[in-house]
Amino acid sequence: MLLFGVLALMLFILVIVWVALGVHGLLLGRMPGHWLQRRVRQPRVWGAGALLIPASGYAHSPSLLVVGIGLVALGHVMKPTR
């Protein structure tokens, strides 16, 4: 039972970090850290997708999950428009 509680706490912390990264990318238009800045080409698109993924779990909507995963993938591969 203790193992289940520890795993649930770790998942909750992971979701909070994921949402924080999504808000950071969506609002500021850049990603924190050198590793994410090099990998994510469109931080606003990535951030929108990152926020849709946990929202899909809350709304029990598989279609939101698919759209969120697609936006995260597009944030990685789309070329910047500048």
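For the structure, check the block above.
Only a predicted model underlies this, so the values are computations on that prediction, with no experimental measurement involved. (Residues numbered from 1 in each chain as written. Predicted model: local features only at pLDDT ≥ 70, side-chain atom pairs only at ≥ 80, totals over all residues. Heavy atoms only, no water.)

Caption draft 1: Quick peek at unusual backbone geometry. Despite not being glycine, histidine 60 shows a phi value in the positive range, around 55°. Judged by its relative accessible area of 71%, histidine 60 falls in the exposed class. (Buried < 20%, exposed > 50% of the residue type's maximum accessible area, 1.4 Å probe, protein only.)

Caption draft 2: Structural detail: helix 1 (residues 2–28). Helix length check: helix 1, at 27 residues, gives a terminal C-alpha distance of 39 Å against a target of 39 Å (1.5 Å per residue), a fit within 8%. Directly after helix 1, the chain includes glycine 29, whose backbone phi takes a positive value near 75°. (Helix = DSSP H or I, 4+ residues; strand = E, 2+ residues; numbered from the N terminus. Expected span 1.5 Å × (residues − 1).)

Caption draft 3: Region of the structure containing the packing of aromatic side chains. Using the criterion set out here, one finds one aromatic pair in the structure. Measuring from centroid to centroid gives 5.2 Å for tryptophan 18 and tryptophan 46, while their planes differ by 55°, and the two rings are tilted. Within this pair, whereas tryptophan 18 is found in helix 1, its partner tryptophan 46 is found in helix 3 (residues 43–59), the two being separated by 28 residues in sequence. Given the relative accessible area of 3%, tryptophan 46 is considered buried. (Phe/Tyr/Trp six-rings, centres within 6.5 Å; stacked < 30°, edge-to-face > 60°.)

Caption draft 4: Spatial organisation of a nonpolar patch on the surface. Judged by side-chain polarity, Leu2, Leu3, Val6, Leu7 and Met10 come together as a nonpolar surface patch covering roughly 550 Å² of accessible area. Examined against the element boundaries, leucine 7 turns out to sit in helix 1. Residue classification places leucine 7 among the partly exposed positions, given a relative accessible area of 49%. (Patch = residues over 30% accessible without salt bridge, like charges linked within 9 Å, V, L, I, M, F, W, Y side chains within 5 Å. Areas by Shrake-Rupley, 256 points an atom, 1.4 Å probe, with all protein chains shown as cover. Salt bridge = Lys/Arg side-chain N within 4 Å of Asp/Glu carboxyl O.)

Caption draft 5: Structural context of helix 4 (residues 62–77). With 16 residues, helix 4 ought to run about 22 Å at 1.5 Å a step, and its terminal C-alpha atoms sit 23 Å apart, in line with that. Burial in helix 4 covers these residues: Gly68, Val72 and Gly75. Relative to the axis of helix 4, the buried residues are bounded by an arc of 60° and lie together on one face. Helix 4 presents Pro62, Ser63, Val66 and Val77 as exposed residues on the side facing more than 90 degrees away from its buried surface. (Arc of directions from axis to C-beta.)

Caption draft 6: The arrangement of the side chain of glutamine 42 in detail. With respect to the element layout, glutamine 42 can be found in the loop between helix 2 (34–39) and helix 3. Here glutamine 42 falls in the buried class, since its relative accessible area comes to 15%. Not counting chain neighbours up to four residues away, the residues in contact with glutamine 42 comprise Gly75, Met78, Lys79, Pro80 and Thr81. (Contact = heavy atoms within 4.5 Å.)

Caption draft 7: Representation of the environment of alanine 48. Looking at the secondary structure, you find alanine 48 in helix 3. We classify alanine 48 as partly exposed; its relative accessible area is 26%. Once you skip the residues sitting within four places of it in the chain, alanine 48 turns out to touch Leu26 and Leu71.

From the geometry alone we can't say anything about function, so treat these as descriptive.
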